[in-house]
Amino acid sequence: MADHDRDVPHPRFRRKPTLDGEAVLLRPVTVHDVAALMPVFQDAQVTRLTGSHRENGLDEARLRAWYGTRADQDDRLDLAVVERATGNVVGEAVLNEWDAGNESCSFRIAFVPDAQGRGLGTEATRLIVGYGFEELGLHRILLEVYAFNPRARRVYEKVGFVPEGVLRDALLWEGGRVDAVVMSILAPEWFEHRGWPAGTGRTPS
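The present account deals with the structure reproduced in this document. The structure displayed is predicted, hence computed values, not measured ones.

**Focus: the overall build of the protein**
In step 1: A count of helical and extended segments in the protein gives six helices and eight strands.
In step 2: Ordered by position from N to C terminus, the α and β elements of the protein give β-β-α-α-α-β-β-β-α-β-α-β-β-α.
In step 3: For a compact globule of 205 residues, the expected C-alpha radius of gyration is about 17 Å, and the protein comes in at 17 Å, within 12% of that figure.
In step 4: Across its three principal axes, the protein shows a C-alpha extent of roughly 45 × 40 × 35 Å.
In step 5: Within the protein, residue pairs in contact and separated by at least 24 positions form 65% of the contacts whose partners lie at least 6 positions apart.
In step 6: For the protein, the computed accessible surface area is about 10,600 Å², with 48% contributed by carbon and sulfur atoms.

**Brief notes about the packing of aromatic side chains**
In step 1: Tallied over the entire structure, the rule returns seven aromatic pairs.
In step 2: Plain terms: the ring middles of Tyr-146 and Phe-148 are 5.9 Å apart, the flat faces sit at 55° to each other, and that makes the pair tilted.
In step 3: These aromatic residues form a ring-pair network of at least three members: Phe-107, Tyr-156 and Phe-161.
In step 4: Looking at Arg-70, its charged tip hangs above the ring of Trp-66, at a distance of 3.5 Å from the centre.
In step 5: Directly above the aromatic system of Trp-196 lies the positively charged group of Arg-126, at a separation of 3.5 Å from the ring centroid.

**Topic: unusual backbone geometry**
Trans is the common state for peptide bonds, and a negative phi is the common state for residues other than glycine.
In step 1: Of note, the phi angle at Asp-169 is positive, near 50°, even though the residue is not glycine.
In step 2: Position of Asp-169 among the secondary structure elements: in strand β7 (residues 162-173).
In step 3: The class for Asp-169 is partly exposed, based on a relative accessible area of 44%.
In step 4: Positive phi outside glycine occurs at Arg-194, with the angle close to 50°.
In step 5: Structurally, Arg-194 is set in the segment after α6 (187-193).

Rules used in this analysis
Residues numbered from 1 in each chain as written. Predicted model: local features only at pLDDT ≥ 70, side-chain atom pairs only at ≥ 80, totals over all residues. Heavy atoms only, no water. Helix = DSSP H or I, 4+ residues; strand = E, 2+ residues; numbered from the N terminus. Rg over C-alpha atoms; globule rule 2.2 N^0.38 Å. Contact = heavy atoms within 4.5 Å. Areas by Shrake-Rupley, 256 points an atom, 1.4 Å probe, with all protein chains shown as cover. Phe/Tyr/Trp six-rings, centres within 6.5 Å; stacked < 30°, edge-to-face > 60°. Lys NZ or Arg CZ within 6 Å of the ring centre and 35° of its normal. Buried < 20%, exposed > 50% of the residue type's maximum accessible area, 1.4 Å probe, protein only.

Below, the structure written as structure tokens:
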């Protein structure tokens, strides 16, 4: 596959949707969300679990420049996660690394520390993954999760991501080498269970 085939803009990525869930709402992220998202980039544990080496730091000005351009992107989708109960922005969910030739995207999600462990990430993942398959026409959505983050792996498995293999010693963190597990979900799997694979307690609608 030619390199340029990976970067062909997808016209549907131009549309930035709002996705409604029971506990969260996903909407286009904007520069005004930077203040709420700052803990994602400042918390040591979040930085560790995402394997983010930030030697140069991420100050608010740089983040505002980044988030100020998200609405213009035609090859990725960046959504803010809003907790319905409070109206607060508690994280972001992203489809990126659009591979046009293979109809695939990467997925990542991050939450501020005090929003973790309450099921919000599971619902947000279902919402954006469902949009990827049902509206963007993706065939495959993939991610990597580090071996020291079993809680995130359980979230992905609840939605239907399947482990594919291990990238050995993929991360060097504070002198130790950490494996990364590659996981993916395919369109036929999604349309079979709609993010509720067997054993998760709900029959797909």
